[in-house]
Amino acid sequence: MFFKNSFTPSSTFSPIGFPEKLEKMGELGFHGIGVPENYGGLNCDIKTEMAFGEIASDSFAFSQSIGVHTGLGVYPVLLYGNDTQKEKYLKPLAKGSALGAFCLSEPEAGSDATSQKTTAIDHGDHYLLNGTKNWITNGGTADYYIVIAQTDRDKGHHGINAFILEKGMDGFSIGPKEDKLGIRGSDTHSLMFHNVKIPKENRIGENGFGFKFAMKTLSGGRIGIAAQALGIASGAYERARDYAKIRSAFGKEIYRMTKEALRPKEHTMYPSLKGETASHLCALFNQSFIRSKKLSRSALLRKCKKQSKPLGLVKLFKSKSLPIAKKPSVRGKRYKKGQIRIKI
């Protein structure tokens, strides 16, 4: 109910009220939704990431901000941070008293994460960070930043490390908010580093772990992106359906005037959307075991096939498309032989 009462489609274009909403989300526990209770989280199952799809159905910009915080700011520290880092950074991130950001992209690096120009030179008990990061979500509002930087160019991707930076460190500056074409409510900035002194204890993992860390973090983050996509699709479907029922022309709702055209489309869209939701739940189930390192991918598939629906539907979603009836009946119950009927 908080989502429905707090967000409107215009939230995607304007950041007005975002800090207050982020604070409220922290009070509700969403900042640490999958974090153990001893670190200030709710200790929920990873499938609760679907909640961010609900936010995206009303405001993708806000879901982007909170999704980056949890998926790219909180989980990496939880999974790969040491006890000291978890105590110092994870607790405030999970409790909602601090916001996180993930800094990988540069003018010439992003998709090609091995082409980092930002450097962190080892000076014994600390690193000196220099460079620029672009298109950083939560760039102006975050308190802690995970920064990927090159520490030894001769080692290629084995010479990349990840560091935790704090807002206000000497030499760390934030550029103006990006004037984007879309998702304008999301807080996106460039970050500049000039001889920023990073304590050695702020490096995440062993020396050279940065590239693998970034790839694993982004892999988990894609699950959240899928949830957002489903949320946007769900919001679009609901708004189109509701508008067709209240928009009148020639004395009738257009939904009734075009019932023959719209109803079959509605009964095609809804099972397809719900089917993709089931597929996404399967992916979340898989990812939860990948993160906990309990099962191999082949073992995951065998385990998923044994689960009750919707998790058991993983065997039906090996392809990108969901087979549904081209011409369902008005009630949407009769399907051609060999086609799948999804029930969630």
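Shown above is the structure to which this text applies.
Residues numbered from 1 in each chain as written. Predicted model: local features only at pLDDT ≥ 70, side-chain atom pairs only at ≥ 80, totals over all residues. Heavy atoms only, no water.

Asks: Would you mind going over the overall build of the protein chain with me for this structure?
Replies: Secondary structure assignment for the protein chain yields 9 helices and 10 strands. Residues counted as buried form 47% of the 344 residues belonging to the protein chain. Summed over all atoms, the accessible surface of the protein chain reaches about 17900 Å², with 54% contributed by carbon and sulfur. (Helix = DSSP H or I, 4+ residues; strand = E, 2+ residues; numbered from the N terminus. Buried < 20%, exposed > 50% of the residue type's maximum accessible area, 1.4 Å probe, protein only. Areas by Shrake-Rupley, 256 points an atom, 1.4 Å probe, with all protein chains shown as cover.)

Asks: I keep staring at the pairing of strand E3 (residues 126–137) and nothing clicks. Help me out?
Replies: Within a regular beta strand, the side chains point alternately toward one face of the sheet and then the other, so they alternate between its two faces. Here 4 bridges tie strand E2 (residues 119–122) to E3, and the two strands are oriented antiparallel to one another. Looking at the pairing, Asp 122 lines up with Tyr 127 of E3. Bridge count between E3 and strand E7 (residues 188–199): 9 bridges; the pairing is antiparallel. Bridging across to E7, Thr 132 finds its partner in Met 192. (Pairing = 2+ DSSP bridges.)

Asks: How should I be thinking about the layout of surface pockets in this particular structure?
Replies: One simple way to see leftover space: roll a probe sized like a water molecule over the atoms. Counted as a void, the largest pocket has a volume near 760 Å³. When contributions to the lining of the largest pocket are tallied by element, the ones reaching two or more residues are helix H4 (60–80), E3 and helix H6 (210–246). The greatest single-element share of the lining of the largest pocket, amounting to 8 residues, is contributed by H6. Here the lining of the largest pocket is built from residues that sort into 12 nonpolar, 14 polar and 4 charged. (1 Å grid on protein atoms, 1.4 Å probe; cavity = no way out; pocket = protein on both sides within 12 Å on 5 of 7 lines; lining within 4 Å. Points joined across faces, edges and corners; volume = space filled by probe spheres on them. Nonpolar A, V, L, I, M, F, W, Y, C, P; charged D, E, K, R; others polar.)

Asks: Can you walk me through the environment of Asp 242 in this structure?
Replies: Considering the arrangement of structural elements, one finds Asp 242 in helix H6. Residues Asp 242 and Tyr 255, 13 residues apart in the sequence, show an inter-C-alpha distance of 9.1 Å. A polar contact of 3.0 Å, which involves the side chain of Asp 242, links it to the side chain of Arg 241. (Polar contact = N/O pair within 3.5 Å; in protein donor to acceptor, adjacent residues only side chain to side chain.)

Asks: Can you walk me through the pattern of salt bridges in this structure?
Replies: Any two side chains of opposite charge can pair, on the condition that their charged atoms come close. Within the structure shown, the criterion is met by 7 salt bridges. Measuring nitrogen to oxygen at the nearest pair gives 3.2 Å for the salt bridge that ties Asp 122 to Lys 200. With a gap of 78 residues between them, Asp 122 in strand E2 and Lys 200 in the loop between E7 and strand E8 (203–204) connect regions that are remote in the sequence. Residue class for Asp 122 comes out partly exposed when judged on its relative accessible area of 43%. According to the relative accessible area criterion, Lys 200 is partly exposed, its value standing at 26%. Between Arg 241 and Asp 242 there is a salt bridge; the shortest N-O distance is 3.0 Å. (Salt bridge = Lys/Arg side-chain N within 4 Å of Asp/Glu carboxyl O.)

Asks: It is not clear to me how the environment of Gln 64 should be interpreted in this structure. Could you clarify?
Replies: Looking at where Gln 64 falls in the secondary structure, it is placed in helix H4. Between the alpha carbons of Gln 64 and Phe 52 there is a distance of 8.8 Å; along the sequence they are 12 residues apart. When neighbours within four sequence positions are excluded, Gln 64 is seen to be in contact with Thr 137, Ser 186, Ile 225 and Gln 228. (Contact = heavy atoms within 4.5 Å.)

Asks: Help me out: how do you make sense of the side chain of Thr 118 in this one?
Replies: Residue position: Thr 118 is located in the loop between strand E1 (100–103) and E2. When its relative accessible area of 0% is taken as the criterion, Thr 118 is described as buried. Within the structure, the side chain of Thr 118 is placed 3.4 Å from the backbone oxygen of Thr 132, a separation counted as a polar contact. Beyond its immediate sequence surroundings of up to four residues, Thr 118 is in contact with Glu 106, Leu 129, Asn 130, Gly 131, Thr 132, Lys 133, Ile 148, Ala 149, Gln 150 and Phe 193.

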